[in-house]
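Secondary and tertiary structure notes
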Amino acid sequence: SQTIHQWPATLVQPVGSPLSLECTVEGTSNPNLYWYRQAAGRGLQLLFYSVGIGQISSEVPQNLSASRPQDRQFILSSKKLLLSDSGFYLCAWKSPRLAGGSTDTQYFGPGTRLTVL
Amino acid sequence: QKEVEQDPGPLSVPEGAIVSLNCTYSNSAFQYFMWYRQYSRKGPELLMYTYSSGNKEDGRFTAQVDKSSKYISLFIRDSQPSDSATYLCAPPESPWATPRRAGGTSYGKLTFGQGTILTVHP
């Protein structure tokens, strides 16, 4: 079975400090991978997605970057955090197969709660 | 106009009530729709999905799509305190949307609504 891990679970960082959040997936190959941010009381905002190693697409201009150094590893980074980067960060994976029905299901990790002070 | 809109609530109902959660969407290319449930401080999980117009039932949950008015509903019968969560509607990108992955697969992007916070009290 497939599992998705995120760490750390909780993070408190000062403004201007760097950030590195990690997501790994087990039990599947060549998944599509996604990073979302969820601000308090808000919906999920897609930040980045990746369809393969080294292939990153950015959905919104921002202070963050993403990398996929291995097939099942997805990293979210920042060189200098802003207060507005606070939120709940979620990683998700999806089967790369043809779209439609259950193949479009995204499976989410447990999330990282980031507070920037 | 946002592609998917939901009333954020919060919605508070007594146990046993029938709950109606709604989404409107603007993109006619959306071909089917997913409902995700998110418990507090957890990642969302798929609740159910439904194609085209009509109803789909799964236990106490019924998903309804009205493509003519671009309106999606999720009904919960005999609501329970364990149903207390945020409910998000999410139509996937059309499999015929461009650009597409080589080999005919899709990027599988979802467009999430804001989510409706539901509390079912005993």
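Look a little higher up for the structure.
Attention here is on the structure that accompanies the text. (Residues numbered from 1 in each chain as written. Chains lettered and ligands numbered in written order. Predicted model: local features only at pLDDT ≥ 70, side-chain atom pairs only at ≥ 80, totals over all residues. Heavy atoms only, no water.)

Examining the overall build of chain B
Assigned secondary structure in chain B consists of zero helices and 10 strands. Listing each helix as α and each strand as β along chain B from the N terminus yields β-β-β-β-β-β-β-β-β-β. Looking at chain B as a whole, 45% of its 122 residues are labelled buried. Partitioning the contacts of chain B with sequence separation of at least 6, the portion at a separation of at least 24 is 58%. In the form shown here, chain B has an accessible surface area of approximately 5,800 Å², with 50% of it arising from carbon and sulfur atoms. (Helix = DSSP H or I, 4+ residues; strand = E, 2+ residues; numbered from the N terminus. Buried < 20%, exposed > 50% of the residue type's maximum accessible area, 1.4 Å probe, protein only. Contact = heavy atoms within 4.5 Å. Areas by Shrake-Rupley, 256 points an atom, 1.4 Å probe, with all protein chains shown as cover.)

Some details on the overall build of chain A
Within chain A, the regular secondary structure consists of zero helices and 11 strands. Along the chain direction, N to C, the helices and strands of chain A fall in the order β-β-β-β-β-β-β-β-β-β-β. The 117 residues of chain A split such that 51% are buried. Sequence separation of at least 24 residues holds for 56% of the intrachain contacts in chain A that already meet a minimum separation of 6. Total accessible area on chain A is roughly 5,200 Å²; 54% of this is exposed by carbon and sulfur atoms.

Points about the state of the cysteines
All names here are of chain A. Scanning the entire structure with this criterion turns up two disulfides over all chains. The disulfide bridge from C23 ends at C91, spanning 2.0 Å between sulfur atoms. Around the S-S axis, the bridge from C23 to C91 shows a dihedral of about -75 degrees and counts as left-handed. One end of the pair, C23, is in strand 3 (residues 19-26); the other, C91, is in strand 9 (residues 87-94), and 68 residues separate them in sequence. For C91, a relative accessible area of 0% gives the class buried. (Disulfide = S-S within 2.5 Å.)

Examining the environment of A:L117
Following the sequence through the fold, A:L117 ends up in the segment after strand 11 (112-116). The spatial distance from the C-alpha of A:L117 to the C-alpha of A:V15 is 5.8 Å, given a sequence separation of 102 residues.

A look at the sheet that holds strand 1 (residues 3-7) of chain A
Residues and elements named next belong to chain A. The four strands are arranged 1-3-8-7 in an open sheet whose pairing can be described as antiparallel. Two strands close off the open sheet at either side, each with one partner strand: strand 1 and strand 7 (65-70). For this sheet, the mean inter-axis angle between neighbouring strands, taken without regard to orientation, is 20 degrees. Note that strand 7 and strand 8 (residues 73-78) share four bridges and pair antiparallel. Looking across to strand 8, one finds that S67 is bridged to I75. (Pairing = 2+ DSSP bridges. Axes fitted to C-alpha atoms, helices over the stretch in contact; angles between N-to-C directions.)

Here we look at the nonpolar core
Counting residues in hydrophobic clusters, the biggest one holds 23 residues, and the most contacted among them are B:W35, B:L74 and B:Y87. When contributions to this core are tallied by element, the ones reaching two or more residues are strand 3 (19-25), strand 4 (32-38), strand 5 (45-51), strand 7 (61-66), strand 8 (71-76), strand 9 (85-90) and strand 10 (116-121) of chain B. Considering every element that reaches this core, the biggest residue donor is strand 3 of chain B, with four residues. Judged by nonpolar contacts, the second largest core, of 20 residues, contains A:L19, A:L33, A:W93 and A:L114. (Core = buried A, V, L, I, M, F, W, Y, C linked by side-chain atoms within 4.5 Å.)

Remarks on the side chain of A:S78
All names here are of chain A. The residue S78 is located in strand 8 in this model. According to the relative accessible area criterion, S78 is buried, its value standing at 6%. At a separation of 3.1 Å, a polar atom in the side chain of S78 contacts the side chain of N63. (Polar contact = N/O pair within 3.5 Å; in protein donor to acceptor, adjacent residues only side chain to side chain.)

Quick look at the pattern of salt bridges
This model, assessed by the stated rule, comprises six salt bridges over all chains. Residue A:E59 pairs with B:K109 through a salt bridge whose shortest N-O separation is 3.3 Å. Of this pair, A:E59 sits in the loop between strand 6 (55-58) and strand 7 while B:K109 sits in the loop between strand 9 and strand 10, on two different chains. Classification of A:E59 by relative accessible area gives partly exposed; the value is 34%. Notably, a salt bridge pairs B:D83 with B:R60, separated by 2.8 Å at the nearest N-O pair. Residue B:D83 is found in the loop between strand 8 and strand 9, and its partner B:R60 is found in the loop between strand 6 (54-58) and strand 7; the two are separated by 23 residues along the sequence. Judged by its relative accessible area of 1%, B:D83 falls in the buried class. In this structure B:R60 comes out as partly exposed when scored by relative accessible area, which is 24%. (Salt bridge = Lys/Arg side-chain N within 4 Å of Asp/Glu carboxyl O.)

By themselves, these observations are geometric and do not establish any function.
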